[in-house]
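Descriptive structure summary
Here are the chains, one letter per residue:
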Amino acid sequence: MNKSLRKAVIAGNWKMNKTPAETTALINEIKPLVADADCDVVCCVPYVDLFAALEAAKGSNIKIGAENCHWAKSGAFTGEVSAEMLKACGVDIVITGHSERRTYFGDTDVTVHDRTRAALDNGMTVILCVGEYLEQREQNITMEVVSSQVKIALAGVSKEELDRIIIAYEPVWAIGTGKTATADQAEEVCKAIRELIAELYDKEAADKFVVQYGGSMNAKNADELLGKEDVDGGLIGGASLKAPDFAAIVKAASK
Ligand code: 13P
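Residues numbered from 1 in each chain as written. Predicted model: local features only at pLDDT ≥ 70, side-chain atom pairs only at ≥ 80, totals over all residues. Heavy atoms only, no water.

As for its placement among the helices and strands, R137 is situated in helix α6 (residues 134-138). Apart from residues no more than four positions distant in its own chain, R137 is found in contact with E132, T142, Y169, W173, Q185 and V189. (Helix = DSSP H or I, 4+ residues; strand = E, 2+ residues; numbered from the N terminus. Contact = heavy atoms within 4.5 Å.)

It is worth spelling out helix α1 (residues 20-34) at this point. Compared with an ideal rise of 1.5 Å per residue, which puts 15 residues at 21 Å, α1 spans 21 Å between its outermost C-alpha atoms and is within 8% of the ideal. Turning to α1, its buried residues are T23, L26, I27, I30 and V34. For α1, the angular spread of buried residues about the axis comes to 100 degrees, placing them on one side. Those residues of α1 that are exposed and aimed more than 90 degrees away from the buried face are A21 and P32. Against β2 (40-44), α2 (50-57), β3 (62-66) and α11 (243-253) lie the buried residues of α1. (Expected span 1.5 Å × (residues − 1). Buried < 20%, exposed > 50% of the residue type's maximum accessible area, 1.4 Å probe, protein only. Arc of directions from axis to C-beta.)

With that out of the way, let us pick up the site of the ligand. Close contacts around the ligand come from N13, K15, H98, E170, A174, I175, G176, G215, S216, L235, G237 and G238, and that covers them all. Here an oxygen atom of the ligand sits 2.6 Å away from a polar atom, N or O, in the main chain of G176. One of the backbone nitrogen or oxygen atoms of G238 is found 2.8 Å away from an oxygen atom of the ligand. Starting from 310 Å² of accessible surface for the ligand in isolation, the protein chains cover 95%. Considered class by class, the residues forming the shell around the ligand number 3 nonpolar, 7 polar and 2 charged. (Near = heavy atom within 4 Å. Polar contact = N/O pair within 3.5 Å; in protein donor to acceptor, adjacent residues only side chain to side chain. Areas by Shrake-Rupley, 256 points an atom, 1.4 Å probe, with all protein chains shown as cover. Nonpolar A, V, L, I, M, F, W, Y, C, P; charged D, E, K, R; others polar.)

Dropping the structure here:
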């Protein structure tokens, strides 16, 4: 498996943070700091901030994404936003399956599959999140959990469509807790995900497939995590809200 075949992707997941005015200010602050990045840079922002973010990022190397999408085209789904609507707003990237959606908003492996499918059908790139709870890690079933999440989400996804999928491995116990997986723990699961992609598709697909790590990645630990063979980037929560910290992670991925 050859890391040089893959371009790292550093994506911020802003979660439920920032007003449109604050979004403009933060993107403007990040822009010059990541202008010479040798990796892809993405900021996934709340729906209401998308227009401000797209406008502020115009002409820069920052791509703007959303944090979720609904599977239906349109209809009676109060409070939801469809992939088609996002695409029409000029958004090409979306996160699906984040553990906060699974834990607090009832997302299941099946609805994550459906949201992923809708995003692909609308020509979008998906950052698909998977990861185990602490109890599952302690029961030694991390790979069973992660592989069933991956298999269900990717059911019916063609090899061509796989080019528009990134998997973010986010152990739930490491999210927002300041408790990062060790680089070896991150590598072990990211590598296993790549092997699963090889099994489900083929080695060529697996070699170019981007697997991110997420969970308390920050300016200090990014170098070590991103130095691992199978960790091709990061999905960053807290540290993506501070321009210098986010830029430091982008720099670590650009080496
Ligand atoms: P933190 O970086 O705040 O731990 O969040 C990780 C995450 O959930 C990114 O999607």
